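Here are the chains, one letter per residue:
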Amino acid sequence: MFKLLIARRFMPLFLTQFLGAFNDNFFKSSLMMLITYRLGDAAGIDSRILVNAAAGIFILPFFLFAGPASDLADKYDRSDLMRWVKFAEIVVMAGAALGYWLNNVWLLMFVLFMMGAQSAFFSPAKYSILPQHLPEEELIAGNGLIQMGTYLAILTGTIAGGLTILKENGVYLVGGIAVSIAAAGWLSSMLIPPTKPINPEIKVSFSIVRRTINMFREVYPMRKVFGAMMAISWFWLVGATFLAQFPTYSRLTLGTDESVATAFLAIFSCGIGFGSMFCNALLKGKVTTKYVPSAAYGIAIASVLLWYVSNRPPVPAGTPEIGAWEFFSRPENFMITFCLFVIAFCGGLYIVPLYAVMQTKAPEEKVSGVIACSNISDSLFMAVAALGASLLISMGVSIPQIFLTMGPSTFVVGLLVGLL
């Protein structure tokens with residue numbers, strides 16, 4: 001598995017993806033923390049609503065630009081396309097630096113949208129280039145490493161963003177670091193080996209509705225691929241639900257400061273990374289969904305258990321927030337940490353085989369379209385997660401109760417995946 005990390009056909013892509021995921025989460029984490037602890041109150045908006053709105057804004061471009069992203073991935077050398085996207089990231093991160101300097105939450109929201117846009121154009125090229133560089137027996141390992149690297153980047157980016165932004169002059173540090181990482185990602189993309197364009201004659205379509213309908217029409221008859229795609233989308237709904245609630249869950253339910261929220265994000269990211277690595281050892285390179293239902297059941301059980309151990313009296317107003325050291329030193333909080341790790345570990349075990357199924361069971365000329373279609377589905381599911389969580393919160397539903405809803409629903413998804 002790890003021998004791929006020294007192969008030219010994989011390492012530059014891995015590094016480019018790692019740096020891009022780091023920057024996404026470095027910026028998102030810093031913005032979420034700033035909204036939760038500073039900008040939300042200053043803007044006169046409930047920070048819980050603003051945090052969920054930010055999550056929706058980031059994934060909206062995956063729906064809007066999935067069609068042209070797929071067409072471009074087929075029309076041009078995918079390595080070239082990734083280099084263009086990485087250069088655009090430098091410009092977008094310069095906008096983030098300006099937003100932080102001006103302390104303008106609405107400009108930062110626009111930058112968040114643009115970050116989602118560049119990720120939307122990068123994703124089809126990233127996943128569809130893997131089968132061009134790796135044989136089928138290496139796809140589980142390649143996808144596992146990509147997922148591991150992605151969530152290691154989420155781990156480091158989240159910690160760095162969350163801890164940096166609230167420091168003195170943190171807004172200036174975050175802006176400078178984000179631009180520097182974007183530049184490093186562009187340089188690493190220059191080393192990705194070239195590939196042959198799949199269909200140089202294809203016309204790039206910007207008709208969102210028609211192109212989206214056509215992509216789903218092409219994918220739906222491939223029942224195994226379509227099933228894997230929908231199962232992946234459910235994973236992103238569950239993940240988005242948990243990740244978006246961590247800052248307010250930590251502050252309002254547990255009475256902790258931003259260091260605990262950052263630690264929860266780190267635990268979640270680390271768990272998915274470990275689950276992704278374990279998946280390759282378990283499957284030994286075979287592309288199969290054999291263990292995906294069991295992973296879904298693990299997510300379901302741990303979600304219900306997390307609700308149970310989080311069912312505590314409200315934190316009284318004016319109570320001082322506690323830090324990570326004090327929180328994790330209390331025995332009653334061990335099960336919260338354990339549940340979060342199990343949910344994430346099972347998530348890594350769940351998602352890696354599903355990506356490999358999409359890459360191997362779809363015809364080569366359809367892979368980028370399948371990935372783009374998956375991005376549309378993922379964005380819709382994550383939008384439902386953001387809107388649904390905001391609606392439930394406005395109705396007085398607690399964050400632990402939102403976690404509870406993930407249990408039975410994910411159990412049902414596990415049953416359905418077992419029919420693939």
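Residues numbered from 1 in each chain as written. Predicted model: local features only at pLDDT ≥ 70, side-chain atom pairs only at ≥ 80, totals over all residues. Heavy atoms only, no water.

Colleague: Sorry if this is basic, but what is going on with the confidence of the model for the chain here?
Modeller: Close inspection of predicted coordinates is inappropriate for parts of the model with low pLDDT. Across the chain, the average pLDDT comes to 84, with 95% of residues at 70 or higher. Model confidence for the chain, summarised as mean pLDDT per element, is weakest for helix 2 (residues 47-64) at 75 and strongest for helix 11 (residues 292-310) at 94. (pLDDT = per-residue confidence, 0-100. Helix = DSSP H or I, 4+ residues; strand = E, 2+ residues; numbered from the N terminus.)

Colleague: How do you make sense of a nonpolar patch on the surface when you look at a structure like this?
Modeller: A grouping of Leu 98, Trp 101, Leu 102 and Tyr 172 is seen on the molecular surface, where their side chains present a nonpolar patch of about 450 Å² in accessible area. Examining the composition of the nonpolar patch, we find that three residues originate from one element, helix 4 (residues 78-102), more than from any other. Tracing the chain through its elements places Leu 98 in helix 4. Since its relative accessible area comes to 41%, Leu 98 is described here as partly exposed. (Patch = residues over 30% accessible without salt bridge, like charges linked within 9 Å, V, L, I, M, F, W, Y side chains within 5 Å. Areas by Shrake-Rupley, 256 points an atom, 1.4 Å probe, with all protein chains shown as cover. Salt bridge = Lys/Arg side-chain N within 4 Å of Asp/Glu carboxyl O. Buried < 20%, exposed > 50% of the residue type's maximum accessible area, 1.4 Å probe, protein only.)

Colleague: Got a minute to help me understand the packing of aromatic side chains in this structure?
Modeller: Inspection of the entire model under this criterion finds 26 aromatic pairs. Centre to centre, the rings of Phe 264 and Phe 327 are 5.7 Å apart; their planes meet at 75 degrees, and the pair counts as edge-to-face. In this pair, Phe 264 is assigned in helix 10 (residues 258-283) and Phe 327 in helix 12 (residues 324-329), connecting sequence segments 63 residues apart. Residue Phe 264 is classed as buried on the basis of its relative accessible area, which comes to 0%. The ring of Phe 58 has Lys 28 sitting right over it, with the charged end atom 4.2 Å from the ring centre. (Phe/Tyr/Trp six-rings, centres within 6.5 Å; stacked < 30°, edge-to-face > 60°. Lys NZ or Arg CZ within 6 Å of the ring centre and 35° of its normal.)

Colleague: I'm lost on empty space enclosed by the protein in this one. Help?
Modeller: Any empty space left between the atoms is revealed when a probe the size of a water molecule rolls over them. All chains considered together, the criterion is met by four cavities of 30 Å³ or more. Quantified by volume, the largest cavity comes out at close to 890 Å³. If you trace the largest cavity, you find 41 residues lining it, with Asn 25, Lys 28, Phe 58, Ile 154 and Trp 236 closest to the centre. Among the secondary structure elements, those contributing two or more residues to the lining of the largest cavity are helix 1 (11-42), helix 2, helix 5 (105-133), helix 6 (139-165), helix 9 (223-253), helix 10 and helix 14 (367-394). In terms of residue count, helix 1 provides more of the lining of the largest cavity than any other element does, ten residues in total. Split by residue class, the lining of the largest cavity holds 23 nonpolar, 13 polar and five charged. A volume near 60 Å³ is recorded for the second largest cavity. Within the lining of the second largest cavity, the residues separate by chemical class into seven nonpolar, two polar and no charged. (1 Å grid on protein atoms, 1.4 Å probe; cavity = no way out; pocket = protein on both sides within 12 Å on 5 of 7 lines; lining within 4 Å. Points joined across faces, edges and corners; volume = space filled by probe spheres on them. Nonpolar A, V, L, I, M, F, W, Y, C, P; charged D, E, K, R; others polar.)

Colleague: Explain the nonpolar core here, please?
Modeller: Most often, soluble globular proteins keep nonpolar side chains buried together rather than apart. Counting residues in hydrophobic clusters, the biggest one holds 130 residues, and the most contacted among them are Phe 27, Phe 264, Leu 306 and Tyr 350. No other element matches the 15 residues that helix 13 (residues 334-361) contributes to this core. If we skip the residues at most four places from it in the chain, Tyr 350 touches Ala 231, Ile 232, Trp 234, Phe 235, Val 292, Ala 295, Ala 296, Val 413 and Val 417. (Core = buried A, V, L, I, M, F, W, Y, C linked by side-chain atoms within 4.5 Å. Contact = heavy atoms within 4.5 Å.)

Colleague: Got a minute to help me understand the side chain of Asn 25 in this structure?
Modeller: Here Asn 25 shows up in helix 1. On the accessibility criterion, Asn 25 (13% relative accessible area) is buried. Residues contacting Asn 25, with those up to four places away along its chain left out, are Ile 154, Gly 157 and Thr 158.

Colleague: So what exactly am I meant to see when it comes to the pattern of salt bridges here?
Modeller: As a working rule, side chains carrying opposite charge can pair if their charged atoms are close by. Scanning all chains against the criterion turns up five salt bridges. Between Lys 86 and Glu 89 there is a salt bridge whose closest N-O contact spans 2.7 Å. In this pair, Lys 86 and Glu 89 are both assigned in helix 4, three residues apart and thus about one turn of the helix distant. A single burial state applies to Lys 86 and to Glu 89, both of which are buried.

Colleague: Even after reading the chapter, I still don't get the packing of helix 4 against helix 7 (residues 170-189), so can you show me in this structure?
Modeller: The description of two helices packed together rests on the angle between their axes and the distance between the axes. Between helix 4 and helix 7, the least distance of the axes is 8 Å, while the angle of their chain directions is 175 degrees. On the basis of the axis angle, helix 4 is roughly antiparallel to helix 7. Between helix 4 and helix 7, the residues in contact are Arg 83, Lys 86, Phe 87, Glu 89, Ile 90, Met 93, Ala 94, Ala 97, Tyr 100 and Trp 101 and Val 171, Tyr 172, Val 174, Gly 175, Ala 178, Val 179, Ala 182, Ala 183, Gly 185, Trp 186 and Ser 189, respectively. Across the contact of helix 4 with helix 7, the residue classes break down as 15 nonpolar, three polar and three charged. (Axes fitted to C-alpha atoms, helices over the stretch in contact; angles between N-to-C directions. Parallel < 35°, antiparallel > 145°, perpendicular 65-115°, else oblique.)

Colleague: I'm lost on helix 10 in this one. Help?
Modeller: One turn of an α-helix holds 3.6 residues; hence residues three or four places apart share an orientation. With 26 residues, helix 10 ought to run about 38 Å at 1.5 Å a step, and its terminal C-alpha atoms sit 38 Å apart, in line with that. Taken from the residues just after helix 10, Lys 284 is the one with a positive phi, measuring 55 degrees. (Expected span 1.5 Å × (residues − 1).)

Colleague: How should the environment of Met 406 be read in this particular structure?
Modeller: By secondary structure assignment, the location of Met 406 is in helix 15 (residues 399-417). As for Met 406 and Glu 168, which are separated by 238 residues in sequence, their C-alpha atoms are 38 Å apart. If we ignore the near neighbours within four places in the chain, the residues touching Met 406 are Leu 237, Val 238, Thr 241, Phe 242 and Ser 303.

Colleague: Help me understand the state of the cysteines in this model?
Modeller: Joining two cysteines, a disulfide is a covalent bond between their sulfur atoms. Within the structure shown, the criterion is met by zero disulfides. The closest cysteine sulfur to the non-disulfide-bonded Cys 270 is located on Cys 346, 14 Å from its own sulfur. With a relative accessible area of 28%, Cys 270 lands in the partly exposed category. Cys 346 provides the cysteine sulfur closest to Cys 279, a residue in no disulfide bond, and the two sulfurs are 12 Å apart. (Disulfide = S-S within 2.5 Å.)

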